[in-house]
Amino acid sequence: MKQRKALMVWGLALLIFALGYLGFHSQAPADSEPEKTSIQSFESSKEISIHTQTEPKNDIHSLKETKHSESASIDGEGVTVIGDSVIVGVEPYLKEKLPKVTVDGKVGRQMSQARKLIEELSAQGKLGDRIIVELGTNGPFSKDQLRSLLTSLAKAKQVLVVTTRVPKGWQDTVNSNIKDVVGDFENAKVVDWYAASEGKEDYFYKDGVHLKPDGSRFYASLLIQGLQEK
């Protein structure tokens, strides 16, 4: 009898152990799913964080490119100035502010010579996409001459035409023609040296045309301002 009871106790104990073992292993896969989900969630969060951090870098790179393009005209790169003896005197002061500018000035030059000069500079690779024209000191020119020159520069990004101050009979004709013609070209505008120099006799030598150092600096600053204005 005692032996039978002992066997029943051992059998019951084995049954309880077996049920416990099966229950433990049936829960193990279910418990592992949250762990996998947690790992996947962490990885996704990590990817989002990395992606978010890289976005500002692209913005900073774009900002650097914008700043670089804005600075291109400030140092004179791509800017070509053609003129007569007035621009010869202004050149050193202009290059102080625009070290990479190309200046081609010649004593006695007239508007009738400008078209050929533009072609030569273009062939030499010295013609930028921003051009300043300072001519009219040595004689008048017709509207057709100026129109022909500006037409040849139609592909330029910017063209500035400077009015003149010279105590000669052609002064008003030159300035009038400049103002009448330049407005017909979208890429061109007038830099009114005549108006800007009004009442500034101290800037000029006795001839009333060529400039002292202070006058040259002022002239250079006027040209730079014209380049920066849209």
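Everything below is about the structure printed above this text.
Residues numbered from 1 in each chain as written. Predicted model: local features only at pLDDT ≥ 70, side-chain atom pairs only at ≥ 80, totals over all residues. Heavy atoms only, no water.

Engineer: Help me understand empty space enclosed by the protein in this model?
Structural biologist: The full count for this structure, using the stated rule, is 1 cavity of 30 Å³ or more. What the largest cavity holds in volume is close to 50 Å³. Taken together, the residues of the lining of the largest cavity sort by class into 6 nonpolar, 3 polar and 2 charged. (1 Å grid on protein atoms, 1.4 Å probe; cavity = no way out; pocket = protein on both sides within 12 Å on 5 of 7 lines; lining within 4 Å. Points joined across faces, edges and corners; volume = space filled by probe spheres on them. Nonpolar A, V, L, I, M, F, W, Y, C, P; charged D, E, K, R; others polar.)

Engineer: Explain the sheet that holds strand β1 (residues 79-83) here, please?
Structural biologist: Sheets are built from strands paired through backbone hydrogen bonds, the pairs being either parallel or antiparallel. Strand order in the open sheet formed by 5 strands is β2-β1-β3-β4-β5, with parallel pairing between adjacent strands. Sheet topology places β2 (102-105) and β5 (188-191) at the edges, where each strand pairs with a single neighbour. For this sheet, the mean inter-axis angle between neighbouring strands, taken without regard to orientation, is 15 degrees. Bridge analysis of strand β3 (residues 130-134) against strand β4 (residues 158-162) gives 4 bridges, and the strand direction is parallel. By the bridge assignment, R130 is partnered in β4 with Q158. Sitting on the sheet, helix α5 (residues 171-182) is in contact with β4 and β5, with an inclination near 150 degrees to β5. Set on the sheet, helix α7 (residues 213-228) makes contact with β1, β3, β4 and β5; between it and β4 the angle comes to about 145 degrees. (Pairing = 2+ DSSP bridges. Helix = DSSP H or I, 4+ residues; strand = E, 2+ residues; numbered from the N terminus. Axes fitted to C-alpha atoms, helices over the stretch in contact; angles between N-to-C directions. Contact = heavy atoms within 4.5 Å.)

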